[in-house]
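# An overview of the molecular structure
Each chain is listed here by its residues.
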Amino acid sequence: MTTPTSPAAASSTAASSPKSGRDALIRLEGIKKVFLTDEVETHALSDVHFEIKEGEYVAIAGPSGCGKTTLLSILGLLDTASDGKYTLAGQDVTSLSAADRARVRNRQIGFIFQAFNLIGDLTVYENVELPLTYRGMDAAERKRRVHEALERVGMSHRMKHYPSQLSGGQQQRVAIARAVAGEPLLLLADEPTGNLDSTNGEAVMELLAELHRGGATICMVTHDTRYAEHAQRTVRLFDGRVVEEERSGGKKS
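What counts, and where the lines are drawn
Residues numbered from 1 in each chain as written. Predicted model: local features only at pLDDT ≥ 70, side-chain atom pairs only at ≥ 80, totals over all residues. Heavy atoms only, no water. Buried < 20%, exposed > 50% of the residue type's maximum accessible area, 1.4 Å probe, protein only. Helix = DSSP H or I, 4+ residues; strand = E, 2+ residues; numbered from the N terminus. Pairing = 2+ DSSP bridges. Right-handed = clockwise from strand over helix to strand, strands pointing away. Salt bridge = Lys/Arg side-chain N within 4 Å of Asp/Glu carboxyl O. Core = buried A, V, L, I, M, F, W, Y, C linked by side-chain atoms within 4.5 Å. Axes fitted to C-alpha atoms, helices over the stretch in contact; angles between N-to-C directions. Parallel < 35°, antiparallel > 145°, perpendicular 65-115°, else oblique. Left-handed = near helix turned anticlockwise from the far one by under 90°. Contact = heavy atoms within 4.5 Å. Nonpolar A, V, L, I, M, F, W, Y, C, P; charged D, E, K, R; others polar.

### Some points on the pairing of strand 8 (residues 218-222)
Of all five residues making up strand 8, five are buried, and the element is well covered by its neighbours. Because side chains alternate across strand 8, one face comprises the buried residues Ile218, Met220 and Thr222, and the other comprises Cys219 and Val221, equally buried. Pairing of strand 3 (residues 57-61) with strand 8 involves five bridges; the strand directions are parallel. Bridging across to strand 8, Ala61 finds its partner in Thr222. Sheet analysis places strand 7 (residues 186-190) next to strand 8, joined by four bridges and oriented parallel. Of the residues in strand 8, the one forming a bridge with Leu188 is Cys219. In this fold, strand 7 hands off to helix 7 (residues 198-213), which returns the chain to strand 8; that crossover is right-handed.

### Here's the deal with the pattern of salt bridges
Oppositely charged side chains can pair when the atoms bearing their charge come close. Considering all chains together, one arrives at 16 salt bridges under this definition. For Arg226, the salt bridge is made with Asp224, and the minimal N-O distance between the two is 2.6 Å. Judged by its relative accessible area of 48%, Arg226 is partly exposed. One salt-bridge network, held together by shared partners, links Glu141, Arg144, Arg145, Glu148 and Glu183.

### With respect to the nonpolar core
Formed by 38 residues in total, the largest nonpolar core has its most connected members in Val128, Leu150, Ile176, Leu208 and Leu211. Of all the elements in the fold, those that place two or more residues in this core are strand 3, helix 4 (124-134), helix 5 (139-152), helix 6 (168-181), strand 7, helix 7, strand 8 and helix 8 (225-228). The greatest single-element share of this core, amounting to seven residues, is contributed by helix 6. One finds Phe50, Leu77, Leu88 and Cys219 within the second-largest nonpolar core, a separate group that totals 31 residues.

### Thoughts on the pairing of strand 7
Looking down a regular strand, the side chains alternate between one sheet face and the other. Burial of strand 7 is extensive: five of the five residues sit out of reach of the surface. Residue alternation in strand 7 divides its side chains into two sets, Leu186, Leu188 and Asp190 and Leu187 and Ala189, and both sets are buried. Where strand 6 (residues 109-113) lies against strand 7, five bridges are found, and the strand directions are parallel. The residue bridging Phe113 from the neighbouring strand is Asp190, located in strand 7.

### Re the side chain of Glu51
Its location among the elements puts Glu51 in strand 2 (residues 40-53). For Glu51, a relative accessible area of 11% gives the class buried.

### Examining the packing of helix 4 against helix 5
Interhelical geometry of helix 4 versus helix 5 gives an angle of 130° and a closest axis separation of 9 Å. When the axes of helix 4 and helix 5 are compared, the pair comes out oblique. In the packing of helix 4 onto helix 5, the handedness of the crossing is right-handed. Residues Val124, Tyr125, Val128, Glu129, Leu132 and Thr133 of helix 4 touch helix 5, and the partners they reach there are Arg142, Lys143, Arg145, Val146, His147, Ala149 and Leu150. Of the residues contributing to the contact of helix 4 with helix 5, the split by class is seven nonpolar, two polar and four charged.

### Some details on unusual backbone geometry
Comment: phi is negative for the bulk of residues other than glycine, and the bulk of peptide bonds are trans. Not every positive phi belongs to a glycine, and Glu183 is a case in point at roughly 50°. For Glu183, the location among the structural elements is in the loop between helix 6 and strand 7. Among the residues examined, Glu183 registers a relative accessible area of 21% and is labelled partly exposed. One non-glycine residue, Asp239, lies in positive phi territory at about 50°. Mapped onto the elements, Asp239 comes out in the loop between strand 9 (233-238) and strand 10 (241-247).

### Quick notes on the sheet that holds strand 1 (residues 24-37)
Strand order in this open sheet of four strands is 2-1-4-5, and the pairing throughout is antiparallel. The sheet terminates laterally at strand 2 and strand 5 (91-92), the two strands that pair on one side only. Pairing of strand 1 with strand 2, which is carried by 10 bridges, proceeds in the antiparallel orientation. Looking at the pairing, Ile26 lines up with Ile52 of strand 2.

Structure (structure tokens):
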């Protein structure tokens with residue numbers, strides 16, 4: 001997968017803690033999210049600040065209802081903040097139109113969901129190819145990328161199968177192939193092991209670690225501290241606020 005980070009830069013990123021600078025792929029400044037229902041305000045996120053560097057692997061952790069999924073939706077441009085600034089790859093994406101957000105999502109962000117979100121009447125190959133088709137990519141390039149992505153996750157031998165013919169672990173591997181085939185700047189994983197048993201969960205975590213070693217920038221939401229430890233850095237949320245950051249190995253920052 002092509003990434004904007006050179007091997008040397010990725011190595012430097014892995015060895016140092018995130019700091020403000022031009023190499024920040026993501027920068028959130030004072031992000032707030034307020035939901036209004038029946039004249040009641042729910043503050044899902046309150047004054048969130050943090051950065052993710054190119055080539056970094058970050059986990060967002062915390063209990064249910066703390067704002068993890070809301071934050072990931074904003075990072076993935078599936079939702080917009082009520083206040084604050086979001087910069088992605090040097091571009092202020094805070095106030096993009098719906099059409100512009102969709103274009104950025106399709107070209108720069110890969111999604112891995114807890115529920116896999118594969119289309120049941122499409123084959124494995126067709127599921128991985130579909131987002132590339134939306135880009136208007138030519139058939140030869142689509143074929144190359146799909147084959148490479150399925151090889152990478154060990155699912156090329158299942159490309160003619162349908163999701164119903166796969167195990168949960170295999171479906172998640174296909175979902176990961178779909179995410180990386182577009183060669184995104186950023187991979188967002190929302191509870192990627194949530195629907196898997198422990199064995200398949202660990203296998204998926206190792207696959208994400210392998211992608212990271214290959215240069216991918218990954219941001220993963222998880223409520224499971226075991227899986228958060230796979231990341232280089234963990235950002236902990238509580239009641240919509242960042243309350244703590246840890247480096248891998250449990251070193252607090």
